[in-house]
Amino acid sequence: MEKYCTNHPFSEAHWYCKKCQTSYCFPCVEKKGFKFTKDDKHVHICPTCKRMVEWTGIGHVSDNVVIATTKALFFPLSPFALIVVVTLYCVGMLFSNNMYINECLFALIWAAIGSYAMTVLDHTIQGRNVTPPFTAVPVPDLFNHVLSVFKQSMIYLFTAVLFFGAMSINNPPLAYAILFIAALIFPLGIMKSLASGSYRSFFDLSSFNKIFMKTGLEYLVIMILFVPVIAIFHLMTVIQPALAVSLACYLMIAIYRLMGQMILKCHVELNYPLNYENFKARYSLETMHGFKA
Ligand SMILES: [Zn+2]
Ligand SMILES: [Zn+2]
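Per chain, residue numbering runs from 1 following the sequence as it is written. Both sets of labels track the order of writing: A upward for chains, 1 upward for ligands. Only residues with pLDDT of at least 70 are given local features in this predicted model, and only at 80 or more are side-chain atom pairs given and counted; all residues enter the totals for whole chains, interfaces and linings. To obtain the side-chain values, all non-hydrogen atoms of the structure were used and water was disregarded.

Asker: Provide a residue-level description of the overall build of the protein, including the pertinent values.
Answerer: A tally of helices and strands in the protein yields 10 helices and 5 strands. C-alpha extents for the protein along the principal axes are approximately 70 × 35 × 35 Å. Counting every position in the protein, which comprises 293 residues, the buried fraction comes to 46%. If you take every contact in the protein between residues at least 6 apart in sequence, the share linking residues at least 24 apart comes to 63%. Under the convention used here, a 1.4 Å probe and the Shrake-Rupley method define accessible areas, while residue burial counts only the protein chains that appear. Here the protein displays about 15300 Å² of accessible surface, and carbon together with sulfur accounts for 66% of that area. We score Asp and Glu as negative and Lys and Arg as positive, and we do not count His or the chain ends. Throughout, a charge is located at the NZ atom of Lys, the CZ atom of Arg, the CG atom of Asp or the CD atom of Glu. Both charge centroids of the protein, one from 22 positive and one from 15 negative side chains, sit 5 Å from each other. Each helix is a run of DSSP H or I of at least 4 residues and each strand a run of E of at least 2, with the numbering of both proceeding from the N terminus. Buried, partly exposed and exposed residues are distinguished by accessible area as a fraction of the type maximum, computed with a 1.4 Å probe on protein chains only: under 20%, between the cut-offs, and over 50%, respectively. We call two residues in contact whenever any of their non-hydrogen atoms come within 4.5 Å of each other.

Asker: Could you give me a rundown of empty space enclosed by the protein, with the residues and numbers involved?
Answerer: Here the term cavity refers to a set of points on a 1 Å grid, laid over the protein atoms alone, in which a 1.4 Å probe fits but cannot get out; the term pocket refers to an open set having protein on both sides within 12 Å along at least five of seven lines, with lining residues being those that place an atom within 4 Å of a point. Grid points are joined across faces, edges and corners, and a volume is the space filled by probe spheres set on the points. Scanning the entire structure with this criterion turns up 1 cavity of 30 Å³ or more. Taken together, W110, G114, M118, V149, Q152, S153, Y156, M252 and Y256 form the lining of the largest cavity. At the level of secondary structure, the elements contributing two or more residues to the lining of the largest cavity comprise α3 (99–125), α4 (142–168) and α8 (241–265). For the lining of the largest cavity, the element with the most residues is α4, which contributes 4 residues. By residue class, the composition of the lining of the largest cavity is 6 nonpolar, 3 polar and no charged. Residues are sorted three ways: Asp, Glu, Lys and Arg are charged, Ala, Val, Leu, Ile, Met, Phe, Trp, Tyr, Cys and Pro are nonpolar, and all the rest, Gly among them, are polar.

Take a look at the structure:
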């Protein structure tokens, strides 16, 4: 499978014809309205032999790990994301000696972090490169979005409490073990849950090897970024709470951006059904290079 189209050397190839053994870009394949099954409303055919071409996904054209990671680390500093981070810093200033208010405040802050991070991931796997605006989640999807954020938050909260507990009974080795195991399984667990649409796959570690081999360094970066997030309650006792929550927000946006990129890269291994229509505009000749085929 070639990275670029046979006819357009500057255009990434997303289709492959087995018969001609040729790779094509979006403008090259012909889209035919043809009802195969209920879900498959159209097929794409080879411009040469007129047989069906295969969608090769986008895993083979993803950014390399250094570029992808650098971009993801700067991602939370772009407009909407930065507003979220700064706002949460300001809200974090309201932490006081009142435990009751603090708990409510933390729940509120965490809900905002989790829900924005999830929106970032959704945007990423739809092939979008800008930070999502606050109205990014369509109203009909709102319930599922909130439910998904809630389920993930419970997993985070449970782990964070375990870590904090181990730290407060002066058992750092246990705390670090919790931290390490959580950082190791969280990225895969979340990616699998989102790819399959069910949180039952969270602890299914079956394709860990394949994913880790393919993403290696990127996976390690996510693990490291996860450490302060899982240690959030401990972090809040070490540094200013407002700083801790805004740092957690920055990290969560970067982590979810990276996880989104990893889902795109490993969509085959994760069985995630990528929608080619989402990538059509992004990779078409006009948008990528400013000229027509
Ligand atoms: Zn082409
Ligand atoms: Zn062909």
